[in-house]
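The chain contents come next:
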Amino acid sequence: MKFTEGYWLTSERANSVSAAEAYKIEKIPGGMRVLATTKEIKSRGDTLNLPTITILFQACTDHTIKVEAWHYQGYQDASLEFEKAEKKMEPEVTITEDGAVMDTGCVQVRVQKYPFCYRFEADGRVITSCGFKNLTYARWDRKPSTMFGEDTYLSSAYTPYMKTELSLQVGECVYGLGERFTSFVKNGQVVETWNEDGGTASQVAYKSIPFYMTNQGYGVLVDSTDAVSFEVASEKVEYVGFSVPGEKLSYYFFHGPDPKKVMEEYTGLTGRPALPPAWSFGLWLSTSFTTNYDEETTSSFINGMRDREIPLSVFHFDCFWMEEFHWCDFEWDRRFFPDIKKTIQKYHDMGLRICVWINPYIAQGTPFFQEGMEHGYLLKRADGRGVWQTDHWQAGMGLVDFTNPEAVKWYTDKLRTLLKCGVDCFKTDFGERIPIDVVYYDGSNPKAMHNYYSYLYNKAVFELLETERGTNEAVLFARSATVGGQKFPVHWGGDCSANYPSMAETLRGGLSFAMSGFSFWSHDISGFESTATPDLYKRWAAFGLLSTHSRLHGSSSYRVPWMFDEEADRVVRFFTELKCRLMPYIYQKAVEAHETGTPVMRPMVFEFMEDPAVPYLDQQYMLGDALLVAPVFREDHMASYYLPWGIWTHLLDGTTKEGGRWYQEGYDYFSLPLFVRENTMLAWGSRGDRPDYSYEKQVEIRIYQLLDGKQCDTVISDIHGTPVLHVSATRSKNQILISVEESHEDLTVVVYEGEEKKTGCLEAEKNSLTILL
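Residues numbered from 1 in each chain as written. Predicted model: local features only at pLDDT ≥ 70, side-chain atom pairs only at ≥ 80, totals over all residues. Heavy atoms only, no water.

### Section: the overall build of the protein chain
For step 1, the next point in the chain: The secondary structure content of the protein chain amounts to 11 helices and 48 strands.
For step 2, the next point in the chain: At 28 Å, the protein chain has a C-alpha radius of gyration in line with the 28 Å of a compact globule built from 773 residues.
For step 3, the next point in the chain: Along the first, second and third principal axes, the C-alpha set of the protein chain runs to 85 × 75 × 50 Å.
For step 4, the next point in the chain: Taken across its 773 residues, the protein chain has 61% of its residues classed as buried.
For step 5, the next point in the chain: In the protein chain, once contacts between residues fewer than 6 apart in sequence are set aside, the share between residues at least 24 apart is 68%.
For step 6, the next point in the chain: Accessible area for the protein chain stands at about 28900 Å²; split by element, carbon and sulfur atoms hold 47% of it.
For step 7, the next point in the chain: Separation between the mean location of the 76 positive side-chain charges and that of the 106 negative ones in the protein chain comes to 2 Å. (Helix = DSSP H or I, 4+ residues; strand = E, 2+ residues; numbered from the N terminus. Rg over C-alpha atoms; globule rule 2.2 N^0.38 Å. Buried < 20%, exposed > 50% of the residue type's maximum accessible area, 1.4 Å probe, protein only. Contact = heavy atoms within 4.5 Å. Areas by Shrake-Rupley, 256 points an atom, 1.4 Å probe, with all protein chains shown as cover. Lys, Arg positive; Asp, Glu negative; His and termini not counted. Charge placed at Lys NZ, Arg CZ, Asp CG, Glu CD.)

### Re the environment of Glu331
For step 1, the next point in the chain: Tracing the sequence through the fold places Glu331 in the loop between strand E23 (314-317) and helix H3 (340-349).
For step 2, the next point in the chain: Once the C-alpha coordinates of Glu331 and His255 are considered, the two residues, 76 residues apart in sequence, prove to be 50 Å apart.
For step 3, the next point in the chain: Aside from chain neighbours lying at most four places away, what touches Glu331 is Trp321, Met322, Glu323 and Lys414.
For step 4, the next point in the chain: At 2.7 Å, the side chain of Glu331 forms a polar contact with the side chain of Lys414. (Polar contact = N/O pair within 3.5 Å; in protein donor to acceptor, adjacent residues only side chain to side chain.)

### Looking at the packing of aromatic side chains
For step 1, the next point in the chain: Applying the stated criterion across every chain yields a total of 60 aromatic pairs.
For step 2, the next point in the chain: Between Phe230 and Phe242 the ring centres are 5.9 Å apart and the planes differ by 45 degrees, which places this aromatic pair in the tilted class. Taken together, the residues Phe230 in strand E19 (residues 229-232) and Phe242 in strand E20 (residues 239-245) connect sequence positions 12 residues apart. One exposure class covers both Phe230 and Phe242, and it is buried.
For step 3, the next point in the chain: In textbook terms, an aromatic cluster arises when at least three aromatic residues are bridged by ring pairs, as seen for Phe289, Phe320, Trp327, Trp357, Tyr361, Trp393, Phe430 and Phe528.
For step 4, the next point in the chain: Above the ring of Phe430, the side-chain terminus of Arg479 is found at 4.5 Å from the ring centroid.
For step 5, the next point in the chain: Just above the ring of Trp492 sits the side chain of Arg551; from NZ or CZ to the centre is 4.9 Å. (Phe/Tyr/Trp six-rings, centres within 6.5 Å; stacked < 30°, edge-to-face > 60°. Lys NZ or Arg CZ within 6 Å of the ring centre and 35° of its normal.)

### Things to note about the sheet that holds strand E22 (residues 283-286)
For step 1, the next point in the chain: What the five strands build is an open sheet, ordered E28-E24-E23-E22-E32; its pairing is parallel. With one partner strand each, in any of the chains shown, strand E28 (425-428) and strand E32 (550-552) form the two edges of the open sheet. Taken pair by pair, the neighbouring strands of this sheet meet at an average axis angle of 25 degrees, ignoring direction.
For step 2, the next point in the chain: Sitting on the sheet, helix H6 (residues 446-469) touches strand E24 (353-358) and E28, and the angle it makes with E28 is about 175 degrees. (Pairing = 2+ DSSP bridges. Axes fitted to C-alpha atoms, helices over the stretch in contact; angles between N-to-C directions.)

See the structure below:
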């Protein structure tokens, strides 16, 4: 939202004032308070008829600073704040004649009295700052009151806003702000954090997160569930501006200096992801959306996968498992599934987990709607005329009011009946189309609830699964999210289309989502809308099966591979088996995400922030810290990708390439640029037929291009996330010493040295092995 007309002029609609002088600074518990006047005070008379802005700086940790700024302290608008685990510490505060410094030991906040300015500093340098006309209070579209004279303004005759701007350095790039399909680097964009159902080909987002981070090693969270407007080097190209409606603005500053530390601090405040069950990392297959299907159809798909020896972990029933015009009453359509409990048991006996589609909307004409209406469990109209309803999506549908504890129990009790039938998890679709002309049970501001609704919705379903299935057995397939939603994995990218540009925009959205604090992410392999060509299907399958979670799903056509061509069967089987083999590595990265917040899929800049070639890279990514993945986005089989400095080994054929340069080369459907970083120890699993197994059993330890004087290691956890095996290796000249801490079976060790490899066996009764190169 722009408050200026160019750099010098203020918008005539803004009626704004800005902090001009830090008139009074005082130490308070946990930090310092600044009273800023909106003009320089030269005499006592200047203090009259003058708005002020109060700013609080408080230390949460030695890397995290909370900043609050307000104009009217007593203003109330039923706004919300995100759920947080906020800590407090006592920083050192020094106040002088010219300003003040608050020092946590790692980060300093330096306030300058006049002209008003505050800076975040670390390691002897300014990270970012807020100065001249950067902290602003505006009365948007204010109108004078004739009752009190033309110089007096009614508070109801304008919309108040608070705005802060933080400076950018030369070459500084901004990332995150949710799952956004626009350019990966957000500089030059106006980003409105307002969840909408807009697909992957627009500027709106299913998952709006008012958190960004930059390649200068810091992040910022604006603590408002309302619509936050970000001007990212757009209104003022040297700044990121963010504004919220109301009289108060709160944000958190997280210092790294590296992205992993920023993410650790951010998720330490807003919540870390639960550890998804190991089985959820396998291949999911869906009925698709509007296709015709019954038990015979679903069984034919499952049997078809088995006949082709394609490992399948989860089968998903999309919307039409319920009768039309009944979404969601959570009753199986008995015309097509007459004995669903028996059917699900049959699929369980085949080793499958079962997922069903749900949303938080209840169609009228069902007993479930009638119950919700009678007991006050649905959102009410703002005009007092009963339940809010719409015909958009389902005829006469209402929305569950998740601020009402009894409504949450009513909704989840109904879902519990599905779990008793054998359902294992839920696809929690929608949650973005939330009206604002409604009344909530707890009186919450409807605008502030618009995005936050997705949090309450997914939280209710996830906590039900944890209660019924146990810790580390709960998993969702969610489309909407806001801050804190990372605690309830998994999320998928929404409605993409069957073409290469949509495949690329899907990856951009996933990378932005990773930079927003989310660790587990998926997408509809080959696109949701339309039907892919065999070429696109096979390329997207490789990309999808090298994502944390992998699902075949579409809109009006089936996504089983034999619908495309015979080779598609083999491609899907190949990459599914590859992912299963990689599970000891992938699952350990999932454990790390659960413990530290570091995403499993991560942008190149997240891992190689100091490399000047990577800030804009959005067509490749790191899977964990060791595997580089560059999907093929062209029909001519050509891939273009960049390798950072070092020696990189292709995972599939063992060839090596020097980093620090770009490559362009062709790949068949059974390969893609998939490289292992030097100084890596990679655990290669013993099974290709399923993702959940004893990862330490018959595991192969692979060591890639270990340099002289370097060490590498790996931790292997069981499927519950408990470490069971620690292996390390150290190189000294032409010798590599491999050590194991725990008792173990015979371990095969393969050392990749250039394009040569040497194999050894670390016998069960020994805890070390030396390999000569």
